[in-house]
Number of protein chains: 2
Amino acid sequence: MKINHIAVVVEDVNTALKFWQTALGLPLHHVEHNEGEEVDIAFLPVGEGEIELIAPFTETSGVAKYLAKKGAGLHHLCLEVDDIEAAVTRIIGAGAEMINEQPKTRPDGTRYAFVHPKSTGGVLLELYQLA
Amino acid sequence: MKINHIAVVVEDVNTALKFWQTALGLPLHHVEHNEGEEVDIAFLPVGEGEIELIAPFTETSGVAKYLAKKGAGLHHLCLEVDDIEAAVTRIIGAGAEMINEQPKTRPDGTRYAFVHPKSTGGVLLELYQLA
C-alpha cells in the first residue's frame, strides 16, 4: 500500500499554485478542467504520490458545497492498494462503512471506492487500484 | 521532495487503530506517549511515508483544543525537503507566511517548520529535513 494522493480543496487553482508550485517548488504535471464534476484539478507529483488542488468552477458541485460549508483545506487521502475487492471485503468484514461498497471505474481504468469518515476517525479515505 | 507523513487528529488512538490497522491492514510501527505535547501518536508506515494518528490525553493541549473546535480528521501534511533553510527562504521570498521562520529541532535531529494555512490554500503544511 502507498499514498497515491492528497486532495486539497481550494478557492482557486491559480492562486493555490502560486504557493505549491512557485513558492514551494513542486512541479506541475497538468491542470484538468473536469466538466463532469465541475472542478479544475491541478496535479503536482511529489515523491511516489501527488498533491491534487481542486477548485470548483460552479456553485452547484459537491466540491463547491463542501468549500462553502467547511472552507478550503485538506479534503481526502487516497491510498493505492493491489486488490481493491479484497480491501473492501476486509474493511466491511471489520465492521467499517464504505460510501460505495462496489468500486467504480474511471476512464483510465483506475478503480476506486471511498471509506466513510465515520469509520476512519474523520478522514474521507479513497482507495485506488490502478489499471 | 516527498510526503513524509499525513497527520490525523482522532478522539482515541485505539479506536482509530481498529480501522487503520485492523480493517485496512496497515502495519503499526509504534505508539508514542508524548508528555510534552499531551498526545498519543500512532505511527503507521505506508509506502515511503506514514500516517500518524494523534489523540490528546488532556483537555489543555493544542490538539485537544483543535479537536474540540474542528472535530476529528486530517490535520496536517508534512513534506520532506533536502534543505529546509533554502525551502523557507524561497517560501518567504515568494510572499508566503511561515508559522515559524526559524526551523526547530526534534530530539532525533529532524528539523521542522510550519507554513501558515492562509498561504497554502487552507493546509497546515509542515516541512521536515531529516537528520
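For clarity, every value in this text was computed on a predicted model and none was experimentally measured.

S.K.: Teacher, can you tell me more about the environment of valine 46 of chain A here?
M.R.: Of note, valine 46 of chain A is situated in strand β3 (residues 39-46). Along the backbone, valine 46 of chain A and glutamate 59 of chain A are 13 residues apart, and their C-alpha atoms lie at a distance of 30 Å. In contact with valine 46 of chain A, other than residues within four places in its own chain, are Leu26 and Ile51 of chain A together with Met1, Lys2, Ile3 and Leu79 of chain B.

S.K.: Whenever I open this one, the sheet that holds strand β6 (residues 104-105) of chain B confuses me. Can you help?
M.R.: Paired through backbone hydrogen bonds, the strands of a sheet run either parallel or antiparallel to each other. Residue and element names in this part refer to chain B. In space, the 8 strands of this open sheet follow the order β2-β3-β4-β1-β5-β8-β7-β6, with mixed pairing throughout. Both edges of this open sheet fall to β2 (30-34) and β6, since each of them pairs with a single strand only. Relative to strand β5 (residues 73-80), strand β1 (residues 2-9) is paired through 7 bridges, and the arrangement is antiparallel. Across the sheet, the residue bridging to valine 8 is leucine 74, located in β5. On the sheet, helix α2 (residues 62-70) packs against β1, β3 (39-46), β4 (49-56) and β5 and is oriented at approximately 85 degrees with respect to β4.

S.K.: Explain the nonpolar core to me, please; I cannot follow it from the model alone.
M.R.: Soluble globular proteins: nonpolar side chains tend toward being buried together. Counting residues in hydrophobic clusters, the biggest one holds 66 residues, and the most contacted among them are Trp20 and Leu77 of chain A together with Trp20 and Leu77 of chain B. Sequence-distant contacts of leucine 77 of chain A, that is, excluding residues within four places in its chain, are made with Ile3, His5, Ile6, Val123, Leu124, Leu125 and Glu126 of chain A together with Ile6, Trp20, Ile51 and Leu74 of chain B.

S.K.: Honestly, the pairing of strand β7 (residues 111-115) of chain B in this entry has me stumped. Any pointers?
M.R.: Across a regular strand the side chains alternate sides, sitting on one face of the sheet and then on the other. All names here are of chain B. For β7, a buried count of 4 out of 5 residues is recorded, marking the element as mostly surrounded by other parts of the structure. Two elements, β6 and β7, share 2 bridges in a ladder whose sense is antiparallel. For lysine 104, the partnering residue across the bridge sits in β7 and is tyrosine 112. Taking the residues between adjacent antiparallel strands as the criterion, β6 and β7 are bridged by 5 residues, where glycine 109 takes a positive phi near 95 degrees. With 5 bridges joining them, β7 and strand β8 (residues 125-129) adopt antiparallel strand pairing. Bridged to tyrosine 112 within β8 is tyrosine 128.

Calculation notes
Residues numbered from 1 in each chain as written. Chains lettered and ligands numbered in written order. Predicted model: local features only at pLDDT ≥ 70, side-chain atom pairs only at ≥ 80, totals over all residues. Heavy atoms only, no water. Helix = DSSP H or I, 4+ residues; strand = E, 2+ residues; numbered from the N terminus. Contact = heavy atoms within 4.5 Å. Pairing = 2+ DSSP bridges. Axes fitted to C-alpha atoms, helices over the stretch in contact; angles between N-to-C directions. Core = buried A, V, L, I, M, F, W, Y, C linked by side-chain atoms within 4.5 Å. Buried < 20%, exposed > 50% of the residue type's maximum accessible area, 1.4 Å probe, protein only.

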